[in-house]
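Secondary and tertiary structure notes
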Amino acid sequence: MKKSHLTIAVLGCFLLFSGTFWIFYFRPAQGTPLSHLLTNNNDKGLTWQDQDVSQSGGVIMNHMGNATAKAELGRSTWKLFHTMMSRYPEQPSDDERVALAQFIHLLSRLYPCGECAEHFQTLLQKFPPQTSSRIAASQWACAIHNKVNERLGKPIFDCSDIEAKYPCGCELE
Ligand SMILES: Cc1cc2nc3c(=O)[nH]c(=O)nc-3n(C[C@H](O)[C@H](O)[C@H](O)COP(=O)(O)OP(=O)(O)OC[C@H]3O[C@@H](n4cnc5c(N)ncnc54)[C@H](O)[C@@H]3O)c2cc1C
Ligand SMILES: *[C@@H]1O[C@H](CO)[C@@H](O)[C@H](O)[C@H]1NC(C)=O
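Residues numbered from 1 in each chain as written. Chains lettered and ligands numbered in written order. Predicted model: local features only at pLDDT ≥ 70, side-chain atom pairs only at ≥ 80, totals over all residues. Heavy atoms only, no water.

Focus: the site of ligand 2
What counts is decided by this rule: The cutoff for a nearby residue is simple: one of its non-hydrogen atoms must lie within 4 Å of the molecule or strand. In the analysis that follows, any N or O atom pair within 3.5 Å is treated as a polar contact, provided that within protein one partner can donate a hydrogen and the other can accept it, and provided that, for residues neighboring in sequence, both atoms belong to side chains.
By nearness alone, every residue bordering ligand 2 is listed as N66, A69 and E72. For ligand 2, an oxygen atom lies 2.4 Å from a polar atom in the side chain of N66.

Given below as structure tokens:
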């Protein structure tokens with residue numbers, strides 16, 4: 001074997017095996033309390049990215065110029081979003097978990113304010129939806145709304161008040 005071939009072979013082996021190491025090295029950093037809350041280990045095996053590859057895709061709508069319409073749409077959507085979480089099952093089945101994760105992912109594609117949807121998709125990549133229980137889902141939704149509040153310079157909502165603000169109303173059924 002030529003010396004140059006040997007060098008290439010050794011270098012190839014090194015890159016191949018060190019690849020495994022680099023994947024872990026470049027993983028997104030985790031560790032702050034908020035990001036821990038947003039990326040609960042319960043959901044490690046079940047994220048919307050994993051559930052259905054055909055669901056992946058970009059934002060569909062254009063920018064929304066009218067600021068009044070944008071704010072009205074936001075308020076209505078957040079109302080739907082948090083009310084949905086407040087009534088989501090306490091112990092969801094796998095099918096129900098997939099339904100919620102896919103709904104959120106599709107909302108991030110179809111949200112009628114395109115520039116909002118772009119930001120939302122970036123947030124979802126960092127903080128995948130938590131679907132393991134009602135509490136997990138409502139706390140995740142509150143935290144992600146706060147991420148949007150933060151970027152827009154709005155007050156941060158106290159997530160320990162979430163059940164009072166969006167009551168389940170389940171006792172009336
Ligand atoms: C997915 C998404 C992305 C958006 N992206 C943008 C964007 O990029 N640019 C833009 O201009 N607008 C965006 N919006 C709209 C924006 O978030 C607001 O809805 C809008 O500016 C109106 O704000 P608001 O002050 O009335 O309160 P909102 O943020 O609409 O909240 C409505 C009410 O919910 C309660 N609330 C506040 N924070 C929380 C929380 N963390 N958890 C639970 N309840 C809470 C408060 O009582 C508040 O009055 C987005 C909306 C959504 C749903
Ligand atoms: C902006 O949206 C609001 C609310 O939907 C609407 O009343 C208003 O007429 C719109 N303005 C323009 C310039 O289209």
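Back to the write-up after that little detour.
With respect to the packing of helix α4 (residues 67–87) against helix α7 (residues 134–152)
We count it as follows: To define axes, lines are fitted to C-alpha atoms, for helices over the stretch in contact only, and angles between the resulting N-to-C directions are given on a 0 to 180 degree scale. Under the scheme used here, helices are H or I runs from DSSP no shorter than 4 residues and strands are E runs no shorter than 2 residues, and both carry numbers assigned from the N terminus. Throughout this description, any angle smaller than 35 degrees is read as roughly parallel, any larger than 145 degrees as roughly antiparallel, any in the 65 to 115 degree range as roughly perpendicular, and the remainder as oblique. Each helix crossing is assigned a hand: it is left-handed if the near helix lies turned anticlockwise from the far helix by less than a right angle, otherwise right-handed if that turn is clockwise. Here a residue-residue contact requires only that any non-hydrogen atoms of the pair lie within 4.5 Å. Gly counts as polar in this scheme, as do all residues outside two lists: the nonpolar Ala, Val, Leu, Ile, Met, Phe, Trp, Tyr, Cys and Pro, and the charged Asp, Glu, Lys and Arg.
Where α4 meets α7, the axes come as close as 7 Å, and the angle between the chain directions of the two elements is 160 degrees. With respect to their mutual orientation, α4 and α7 come out roughly antiparallel. The element α4 and its partner α7 pack so that their crossing is left-handed. In this structure, α4 uses W78, F81, H82, M85, S86 and R87 to contact α7, whose residues at the interface are R134, A137, S138, W140, A141, C142, I144, H145 and V148. For the contact of α4 with α7, the residue count by class is 9 nonpolar, 4 polar and 2 charged.

Observations regarding the site of ligand 1
With respect to spatial proximity, 23 residues lie near ligand 1, and among them R75, H145, R151, K165 and Y166 are the closest. A distance of 2.9 Å separates a nitrogen atom of ligand 1 from a polar atom in the backbone of C142. Here an oxygen atom of ligand 1 and a side-chain polar atom of R151 are 2.6 Å apart. Contributions of two or more residues to the shell around ligand 1 are made by α4, α6 (114–126), α7 and α8 (162–165).

Read these as geometric descriptors, not functional statements.
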